Amino acid sequence: MIHQLECPVETIIHVLGGKWKPMILWHLIQSNKRFNDLEKLIPDVSQKMLSQHLRDLEREGIIDRTVYPTVPPKVEYSLSEYGKTLIPVAEVMCAWGENHNKRKYEESAS
């Protein structure tokens, strides 16, 4: 049986789907972060879900996980070179979100 390729939109939903992955991506665009930094920046995410999404993004090659040999161990997450190709996508999503929020605000004000 021949494996059919997913629709490109289906692919990006698979890679970045979920409530928290786009937020993780957005924060890592700004700078490298430790797990605790991401927890503070995304306060509604559970540790389990954050950990799972970070593993998923690492497995997809979107982020790098660097472990520093210190006591206690220091782990830092960053966008991989491949992950940086998503920056224009995230910027467009951000611009669309800002326009959408503005539109909703203007509609509610009238």
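- Looking at an unreviewed UniProt entry, the chain carries the name Helix-turn-helix transcriptional regulator, with the source organism given as Paenibacillus hemerocallicola.

Here's the deal with the side chain of K33
Then, number 1: Residue position: K33 is located in strand β1 (residues 33-34).
Then, number 2: Buried charge without a partner: K33 forms no salt bridge, and the closest opposite charge is D37, 6.4 Å away.
Then, number 3: Here the side chain of K33 touches S31 through a polar contact of 2.4 Å, side chain to side chain.
Then, number 4: Ignoring anything within four residues of it in the chain, the contact list for K33 reads H27, L28, L38, L41, E76 and Y77.

Considerations on the nonpolar core
Then, number 1: Core analysis: the largest hydrophobic core is formed by 19 residues, its most contacted members being I24, L25, L54, I62 and I63.
Then, number 2: The set of elements that each furnish at least two residues to this core consists of α1 (8-16), α2 (21-30), α4 (47-59) and β3 (74-79).
Then, number 3: If sequence neighbours within four positions are ignored, I63 has contacts with L28, L54, L57, E58, Y77, S78, L79 and S80.

Observations regarding the confidence of the model for the chain
Then, number 1: Per-residue pLDDT for the chain has a mean of 92; in total, 95% of the residues score no lower than 70.
Then, number 2: Here α1 is the element of the chain with the lowest mean pLDDT, 88, and β1 is the one with the highest, 98.

Side note on a nonpolar patch on the surface
Then, number 1: A contiguous nonpolar patch, built from V9, I12, I13, V89 and M93 and spanning about 420 Å² of accessible area, is present on the exposed surface.
Then, number 2: Where the nonpolar patch is concerned, the elements lending two or more residues are α1 and α5 (87-109).
Then, number 3: Take the nonpolar patch: its biggest share by element is three residues, from α1.
Then, number 4: For M93, the position within the fold is in helix α5.
Then, number 5: For M93, a relative accessible area of 46% corresponds to the partly exposed category.

Some remarks on unusual backbone geometry
Then, number 1: Of the consecutive residues V71 and P72, the connecting peptide bond is found in the cis state with omega at -5°.
Then, number 2: Topologically, P72 is positioned in the loop between β2 (63-68) and β3.

Notes on the sheet that holds β2
Then, number 1: Within the open sheet, the three strands sit side by side as β1-β3-β2. Their pairing is antiparallel. Edge positions in the open sheet fall to β1 and β2, since each of these has one partner strand only.
Then, number 2: As paired elements, β2 and β3 share six bridges and run antiparallel to each other. Note on β3: the bridge partner recorded for T66 is E76.

What counts and what doesn't
- Residues numbered from 1 in each chain as written.
- Predicted model: local features only at pLDDT ≥ 70, side-chain atom pairs only at ≥ 80, totals over all residues.
- Heavy atoms only, no water.
- Helix = DSSP H or I, 4+ residues; strand = E, 2+ residues; numbered from the N terminus.
- Buried < 20%, exposed > 50% of the residue type's maximum accessible area, 1.4 Å probe, protein only.
- Lys, Arg positive; Asp, Glu negative; His and termini not counted.
- Salt bridge = Lys/Arg side-chain N within 4 Å of Asp/Glu carboxyl O.
- Polar contact = N/O pair within 3.5 Å; in protein donor to acceptor, adjacent residues only side chain to side chain.
- Contact = heavy atoms within 4.5 Å.
- Core = buried A, V, L, I, M, F, W, Y, C linked by side-chain atoms within 4.5 Å.
- pLDDT = per-residue confidence, 0-100.
- Patch = residues over 30% accessible without salt bridge, like charges linked within 9 Å, V, L, I, M, F, W, Y side chains within 5 Å.
- Areas by Shrake-Rupley, 256 points an atom, 1.4 Å probe, with all protein chains shown as cover.
- Pairing = 2+ DSSP bridges.

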